[in-house]
Amino acid sequence: MSCDCNATRCPWCALLYSSAPTPDVTRRTMSADPLADLDAEFLTFLRRAGVPESALESAQLSTPPQREFGARSSNVAFALARERRTSPRAIAQELAETFHPDEYRLLGRIEPAGAGFLNAFLNDAAFTQDVIGGVQAAGAHYGRRPDAVARRVVIEHTSVNPNKEWHIGHARNAVLGDVLVRTLRLAGDEVEVQNYIDDTGLQAAMSIVGLVDFPEPEQPDEKFDHYAGRLYVKIAGELGSEKTLKERLAELEHAPALSSSEPVNEADSLRARLENIARLQKRAVQVMHGLESGEYQHLVRQILDAQLLTAYRLGVFYNLLAWESDLVESHLFGDAIQRLEQSPSVTRPAEGRYAGALVIWTGQQSEEGEPRAEVLIRSNGLPTYVGKDIAYHMWKFHLVPNRLGYVPYAEEPNGETLWSTSVHGEPRPSLAPQLIINIIAAHQSQAQATVKDALRAAGFAEAAGDLVHLAYGLVKGEFGHFSGRAGTAVSADSVIDEAVRVAYDRVRERQSGEMADVEMRAIAEAVGVGAVRYFMVQYNPQREITFNVADVVSYDGNTALYIQYALVRMHAILRRATGERGIPQEEIAAANLCLLQHEQERRLIYHLALYPSAVADAARTLSVNLIAEYAFDLATIFSQFYRDCSVLDAAPELRAARLQLVATVRDVLANACSILGVPVIERL
RNA sequence: GCGGGCAUAGCUGAGUUGGAUACAGCGGCGGACUUCUAAUCCGCAGAUCGGGGGUUCGAGUCCCUCUGCCCGCACCA
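None of the values given here were measured: they were computed from a predicted structure.

(A) Highlighting the side chain of Glu156. Mapped onto the elements of the fold, Glu156 is located in strand 5 (residues 152-156). There is a polar contact of 2.7 Å between the side chain of Glu156 and the side chain of Ser159. With residues up to four places along the chain from it excluded, the contact list for Glu156 reads Gln194, Tyr196, Tyr392, His393, Lys396, Ile437, Asn438 and Ile439.

Here's what the structure looks like:
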């Protein structure tokens, strides 16, 4: 293989020239992070130019806002200007003059710019070689920093009450959590995904009351969670109307003179309904006790399994179902309380509003301005949700004796075993997590803060610091917030169905009968699921999003389909290359990458190099939208390359190089899609 | 009232240790399909970054303050 670029720093020509520059920066490593290698050279240059470490620490290397400013930029001259009492521009000028291109492999030249920036320009041939070689060598691990330190992380997400179907807000939670899981795993962390099942709460009880006491004579043709949800909404509505009914009744009883016959009838019917409500309440309490003893587990499982079908359809998977009933049954809660009782901020007031309850004082105020406590155990002896959550977190962090094992629950469609907590079962992983991330809606921030306060109060300050609440904003409808209780929420299943239906219609329109229906349906499913997932992650998690089906189903612009479409184009090129064009693999493999000098090619290569830092930033700041943004940008640059650079019709040498580039872009974009959970399709 | 969050183009958003002329998508207007398949690409218009003050060589970003919207302040979860 030869090269006609005649540059001394071209890796191909270097074989011919074989000059022996300084070893530390010239060794060809096929690094999994070529951008970091470039930055390392940049820093080496700055050190050689006499920049002290203190200035390097306070300065930063970044990608400049415009291509004309080169590949990387340093603002170190601004930091130096203060102590040297010179203008940043003069310092940048001075530093740039010390640059000798022969001493570097990836750095081509350094220029002062603007008010005092130092801009680094690439030695394109070497950089191209490193990037494409690096991606190929790293394979599916590309994106992981070579120096990444694996942490043990537990991520809890979803945690939907097992009582009705997911609404679109639950889907946001699950997708955010799932993408974060995939991000951290690619970044190198060892992640266990937990889904907390609150099977002993009031919500589950109401659905069970519906299923047991008021089943519909004919099982309708719908998912079991939807069926349970409809019964739940009826019962919750009836229970929720108690206050209004009582007020109305009081009104009638206190104004008997106003009318003669009608109000009496109304009062009677009100009393009848209130009696009915009282019966329902009694039943709910009975059922809650039944739930704690496992009496209705088959029904809870039936609802949960239906919910999990929604998760699986979205490509969301878990490692462990953590059952609240197990937490109670195993006496873990008791262990946690024992720890807490030793803290001065945990008390059992003998009088006042908290008389008889066990509470923790967190320094918060009530609406009336009085000190407010969080109840851990009610005066009737039953633990509260927050109390149980605290116990759950002590268990998650291995801070209380382990009383729960793992048993297999099911095999997930991805082939992995889904485990379940159990008072029996195999021991869980023996090492405690170093980090716990909870994906929980923003309106539960106080409750999450209370869990941290409680950990500190129990003497686990370090654990409290390792507990992160990723608060995400609610998904609201065009006409306000959704209410699960009132049944006004849009179900996740219906949104996925709609997205897939629209996609199917458009695929069929486009294909006009040339493609088998099975394949069109598979494509539509991938497009629809991709659209829903992408919609959920493209926004900053902490913002509320206004949900609109039309937005999910709009397949133009910044959407999953745009990214999938770019991949379809790449697959088409690669398929044709080895197919109808019959280009041998050896020819492609032997490509001379120095030929990739077109502006669009260089932009693509630079963007490929950016991937490890995008993954690292997303993992560090828990901002999965960065991955969506990265994928969209890469797809955009590819679309422009596609317009400007013909691959199959290029001269044979260039064609081979471009085919390698396309295959590499395909790999990285597919990698980003695998984090986003956006399915890759090869045809459209 | 107390605590938390948010405010960027007509709309929805990005801007994550302060950096160069604030970046996209949609919508609007105008262009490009005999092609490696146009669900694509190109161009134009559109922003006193909620108001005011401060720190800094430099502020959408940090501090103070005001305004507006959302959430929480249950022996619910």
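(B) Spatial organisation of empty space enclosed by the protein. Within this structure, the stated rule accounts for one cavity of 30 Å³ or more. In this structure, the largest cavity encloses a volume near 40 Å³. Forming the boundary of the largest cavity are Thr158, Val160, Trp166, Asn195, Ile197, Leu304, Gln307, Leu308 and Tyr318. When the residues that make up the lining of the largest cavity are grouped by side-chain class, the tally is six nonpolar, three polar and no charged.

(C) Geometry of the domain arrangement of chain A. By the assigned domains, chain A splits into domain 1 (11-141), domain 2 (152-481) and domain 3 (491-684). Here domain 1 and domain 3 have C-alpha centroids that lie 31 Å from each other. With 21 residues of domain 1 in contact, the opposing surface of domain 3 contributes 20 residues. Run the count over domain 1 and domain 3 and you get two salt bridges. For the pair domain 1 and domain 3, the number of links is six residue pairs in polar contact (both at pLDDT 80 or more). Those elements that provide at least two residues to the side of domain 1 that touches domain 3 are helix 3 (34-48) and helix 7 (124-138). Broken down by element, the residue count for the side of domain 1 that touches domain 3 peaks at nine residues, all from helix 7. Of the residues assigned to the side of domain 1 that touches domain 3, the class counts are twelve nonpolar, five polar and four charged.

(D) Broad picture of the pattern of salt bridges. By the definition in use, this model includes 40 salt bridges. The residue Asp213 makes a salt bridge to Arg283 at a minimum N-O spacing of 2.8 Å. You can see Asp213 sitting in helix 9 (residues 202-213) and its partner Arg283 sitting in helix 12 (residues 262-292), a full 70 residues away along the chain. On the basis of relative accessibility, which here comes to 22%, the residue Arg283 falls in the partly exposed class. Here Asp667 makes a salt bridge to Arg666, at a shortest N to O gap of 3.0 Å. Looking at Asp667, the relative accessible area reads 37%, which means it is partly exposed. Residue class for Arg666 comes out partly exposed when judged on its relative accessible area of 22%. Three or more residues joined by partner-sharing salt bridges are found here, namely Glu216, Glu222, Arg230 and Lys234.

(E) Geometry of unusual backbone geometry. A positive phi angle, near 70°, is found at Thr158, a position not held by glycine. Position of Thr158 relative to the elements: it lies in the loop between strand 5 and helix 8 (168-187).

(F) Quick look at the environment of Glu653. Along the chain, the position of Glu653 falls in helix 27 (residues 652-676). Overall, Glu653 belongs to the exposed group, its relative accessible area being 52%. A C-alpha to C-alpha distance of 8.5 Å links Glu653 and Glu587, two positions 66 residues apart in sequence.

(G) Focus on the layout of surface pockets. Counted as a void, the largest pocket has a volume near 1,300 Å³. Lining the largest pocket are 45 residues, and of these Ser159, Asn161, Asp198, Gln203 and Gln444 sit closest to its centre. For the lining of the largest pocket, the elements supplying multiple residues, two or more each, are helix 8, helix 9, helix 12, helix 16 (385-396) and strand 13 (435-441). At four residues, the largest contribution of residues to the lining of the largest pocket is made by helix 12. Split into classes, the residues belonging to the lining of the largest pocket amount to 17 nonpolar, 19 polar and nine charged. A volume near 580 Å³ is recorded for the second largest pocket. Around the second largest pocket sit 23 residues that line it, and Thr63, Tyr606, His607, Leu610 and Ser613 are the ones nearest its centre. Secondary-structure elements contributing two or more residues to the lining of the second largest pocket are helix 24 (599-609), helix 25 (611-621) and helix 26 (625-644). Take the lining of the second largest pocket: its biggest share by element is five residues, from helix 26.

(H) Spotlight on helix 13 (residues 297-313). End to end, helix 13 covers 24 Å across 17 residues, agreeing with the expected 24 Å (1.5 Å per residue, within 8%). Every buried residue belonging to helix 13 is among Leu299, Val300, Ile303, Leu304, Ala306, Gln307, Leu308, Thr310, Ala311 and Tyr312, and all of these are buried.

(I) Representation of the packing of aromatic side chains in the model. Tallied over the full model, the rule gives 19 aromatic pairs. When the ring of Phe78 is compared with that of Phe117, the centres are 5.1 Å apart and the planes differ by 65°; the resulting orientation is edge-to-face. One end of the pair, Phe78, is in helix 5 (residues 76-84); the other, Phe117, is in strand 4 (residues 117-122), and 39 residues separate them in sequence. For Phe78, a relative accessible area of 32% puts it in the partly exposed group. Taken together, the ring pairs in this structure connect Phe42, Phe45, Phe99 and Tyr104 into an aromatic cluster. Above the ring of Tyr504, the side-chain terminus of Arg521 is found at 4.2 Å from the ring centroid. Lying across the ring of Tyr642, Arg569 places its NZ or CZ 4.0 Å from the centre.

(J) Representation of the state of the cysteines in the model. Summed over the entire model, instances satisfying the criterion amount to zero disulfides. Left unpaired, Cys645 is separated from the closest cysteine sulfur, that of Cys594, by 17 Å. The exposure class of Cys645 is buried, given its relative accessible area of 3%.

Conventions adopted
Residues numbered from 1 in each chain as written. Chains lettered and ligands numbered in written order. Predicted model: local features only at pLDDT ≥ 70, side-chain atom pairs only at ≥ 80, totals over all residues. Heavy atoms only, no water. Helix = DSSP H or I, 4+ residues; strand = E, 2+ residues; numbered from the N terminus. Polar contact = N/O pair within 3.5 Å; in protein donor to acceptor, adjacent residues only side chain to side chain. Contact = heavy atoms within 4.5 Å. 1 Å grid on protein atoms, 1.4 Å probe; cavity = no way out; pocket = protein on both sides within 12 Å on 5 of 7 lines; lining within 4 Å. Points joined across faces, edges and corners; volume = space filled by probe spheres on them. Nonpolar A, V, L, I, M, F, W, Y, C, P; charged D, E, K, R; others polar. Domains from an automatic or database assignment. Salt bridge = Lys/Arg side-chain N within 4 Å of Asp/Glu carboxyl O. Buried < 20%, exposed > 50% of the residue type's maximum accessible area, 1.4 Å probe, protein only. Expected span 1.5 Å × (residues − 1). Phe/Tyr/Trp six-rings, centres within 6.5 Å; stacked < 30°, edge-to-face > 60°. Lys NZ or Arg CZ within 6 Å of the ring centre and 35° of its normal. Disulfide = S-S within 2.5 Å.

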